[in-house]
Amino acid sequence: MTVSPSELAYVPFVSVENMMRLTHHVGIETFLKELAAFIEADFRRWPDFDKIPRVASHVPDGVIELMPTADRTLYSFKYVNGHPKNTRTGYQTVTAFGVLSQVSNGYPVLLSEMTVLTALRTAATSALAATYLAPRDARVMAMIGNGAQCEFQAMAFRALCGINTLRLYDIDARATEKARRNLTAQGFEVISCTSAEQAVEGAHVITTCTADKQYATILTDNMVGAGQHINAIGGDCPGKTELHRDILLRSDIFVEYPEQTRIEGEIQSLDKDHPVTELWQVIRGEAAGRRDQRQVTLFDSVGFAIEDFSALRYVREKVDGTGFSQPLDLLADPDDPRDLFGMLVRSIA
């Protein structure tokens, strides 16, 4: 006799297939705008969260990380890797999954893929930050690094900031052609460039998103002009940067969580007490974002666990009562909570 799982044994699971179905059902740009609203709402209550830098295990050719956080009601974590060389052998550079649980009893209420969702939440966070930091009339964005994140960033910046003209550059021309093809099909005006210097010409926003795990100089000081906003999202671990130090010294720098960004972000090259502004303070109106049209602003983004919390919270709300999740028999639920062994013995007569 096989004992059937009880209702408490099941946890809603969102697969990659269902995440993609859900995104198309909602609409990609609507999804990004709604997700950004959830992130913004959680940043407004930033002090409510338990916060620590992500737990990183640096391994040959990459990093494997856990990103936990919690408020008084819900706990979340994300497992994510970053292996820049993976694409050479047919693997994704970044893969991820996440869990959302109830604080009251520790029971998971959602298990979800987060490879697609992380790309969406990273883009939503970038564009949300730009609504506070980019020039008001920004309509042109340079995108240096045209890999897996490129199109998501473009879609989010159009949805939240109205940017529709893109200047693309990647050291791999095939990546630029891939991005050009995808983004042209989405209605963007796309200019493919042959150098980073060409890409930044006339751009109001500069997004850097390269993958190599090394100190690099994707932007030099002479490439950045007055009034530009830099969205630096490629540098996200110790020893991995994209910007020349001189750019940092003349920019107003905005970060998610300084304790993590000083280890992983562009500011790892600066003194530990170099002044930065936390994005949540700008969103709450406790600190200034863009003050004038000549100011150079830099969002030194490495990704933080509260953004994943928001994304999981958003997905949980969207899939509730729909066919975009499936029940997964994940939790043991014996008739007597103290008799786990008895459940095991009785499971097969």
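Our structure is the block above this text.
Residues numbered from 1 in each chain as written. Predicted model: local features only at pLDDT ≥ 70, side-chain atom pairs only at ≥ 80, totals over all residues. Heavy atoms only, no water.

Comments concerning helix H2 (residues 28-44)
Taking 1.5 Å of rise per residue, 17 residues should cover 24 Å, and H2 covers 24 Å from first to last C-alpha, within 8% of that figure. Inspection of H2 places Phe31, Leu32, Leu35, Ala36, Phe38, Ile39, Asp42 and Phe43 among the buried residues, and these make up the whole buried set. Taken down its axis, H2 places every buried residue within 160 degrees of arc, on the same side. Those residues of H2 that are buried lie in contact with helix H1 (16-26), helix H3 (115-133), helix H4 (150-161), helix H9 (279-283) and helix H10 (305-319). (Helix = DSSP H or I, 4+ residues; strand = E, 2+ residues; numbered from the N terminus. Expected span 1.5 Å × (residues − 1). Buried < 20%, exposed > 50% of the residue type's maximum accessible area, 1.4 Å probe, protein only. Arc of directions from axis to C-beta. Contact = heavy atoms within 4.5 Å.)

Points about the sheet that holds strand S6 (residues 108-113)
Here we have 7 strands laid out as an open sheet, ordered S2-S3-S4-S5-S6-S1-S17, and mixed in their pairing. The two strands at the open ends of the sheet, each matched to only one other strand, are strand S2 (55-59) and strand S17 (326-329). In this sheet, adjacent strand axes meet at a mean angle of 20 degrees when their direction is disregarded. The strands that H10 touches are strand S1 (10-14), strand S3 (62-70), strand S4 (74-82), strand S5 (96-102) and S6; relative to S4, the one it contacts most, it runs at about 115 degrees. (Pairing = 2+ DSSP bridges. Axes fitted to C-alpha atoms, helices over the stretch in contact; angles between N-to-C directions.)

What about the environment of Leu298?
Along the chain, Leu298 falls in strand S16 (residues 297-300). Since its relative accessible area comes to 0%, Leu298 is described here as buried. Along the sequence, Leu298 and Ser251 sit 47 residues apart, while their C-alpha atoms lie 6.2 Å from each other. Discounting residues that sit within four places of it in the chain, Leu298 has contacts with His229, Ile230, Ala232, Leu243, Leu248, Ser251, Asp252, Ile253 and Phe254.

Examining unusual backbone geometry
The phi dihedral of Asp61 falls on the positive side, at around 75 degrees, and the residue is not glycine. Looking at the element boundaries, Asp61 is found in the loop between S2 and S3. Its relative accessible area of 47% is what places Asp61 among the partly exposed residues.

What to know about the pattern of salt bridges
The final tally for this structure, using the stated rule, is 21 salt bridges. The closest approach of N and O atoms between Asp252 and Arg291, which form a salt bridge, is 3.2 Å. Of the two residues, Asp252 sits in strand S14 (residues 252-255) while Arg291 sits in the loop between H9 and S16, which places them 39 residues apart along the sequence. A relative accessible area of 55% means that Arg291 is categorised as exposed. Linked by salt bridges that have partners in common, Asp42, Arg45, Asp71 and Arg313 make up one network. (Salt bridge = Lys/Arg side-chain N within 4 Å of Asp/Glu carboxyl O.)

So, a nonpolar patch on the surface
Among the surface-exposed residues, Ile52, Val55 and Leu66 lie close enough to one another that they form a single nonpolar patch of about 240 Å² accessible area. Within the secondary structure, Leu66 is located in strand S3. Since its relative accessible area comes to 40%, Leu66 is described here as partly exposed. (Patch = residues over 30% accessible without salt bridge, like charges linked within 9 Å, V, L, I, M, F, W, Y side chains within 5 Å. Areas by Shrake-Rupley, 256 points an atom, 1.4 Å probe, with all protein chains shown as cover.)

Describing the packing of H1 against H2
For any two helices packed against each other, one specifies the inter-axial angle together with the distance between the axes. At a minimum axis distance of 6 Å, the contact between H1 and H2 shows a crossing angle of 95 degrees. In terms of axis orientation, H1 runs roughly perpendicular to H2. In this structure, H1 contributes Met19, Leu22, Thr23, His24 and Val26 to the contact, and H2 contributes Ile28, Thr30, Phe31 and Glu34. Residues belonging to the contact of H1 with H2 are distributed by class as follows: 5 nonpolar, 3 polar and 1 charged. (Parallel < 35°, antiparallel > 145°, perpendicular 65-115°, else oblique. Nonpolar A, V, L, I, M, F, W, Y, C, P; charged D, E, K, R; others polar.)

Observations regarding the nonpolar core
Grouped together as the largest cluster of nonpolar side chains are 66 residues, with contacts concentrated most on Phe31, Leu166, Leu183 and Val315. It is H3 that provides the largest number of residues to this core, a total of 10 residues. Apart from the residues lying within four places of it in its own chain, the contact partners of Leu166 are Met141, Met143, Ala154, Leu183, Phe188, Glu189, Val190 and Ile191. Counting 24 residues, the second-largest nonpolar core is a separate cluster that includes Tyr169, Ala196, Val200 and Leu270. (Core = buried A, V, L, I, M, F, W, Y, C linked by side-chain atoms within 4.5 Å.)

What to know about the packing of H2 against H4
Between H2 and H4, whose axes approach to 9 Å, the crossing angle comes to 75 degrees. Classed by the angle they form, the pair H2 and H4 counts as roughly perpendicular. Across from Ile28, Glu29, Leu32, Lys33 and Ala36 in H2, the residues of H4 making contact are Phe152, Met155, Ala156, Arg158, Ala159 and Leu160. Class assignment for the residues of the contact of H2 with H4 results in 8 nonpolar, no polar and 3 charged.

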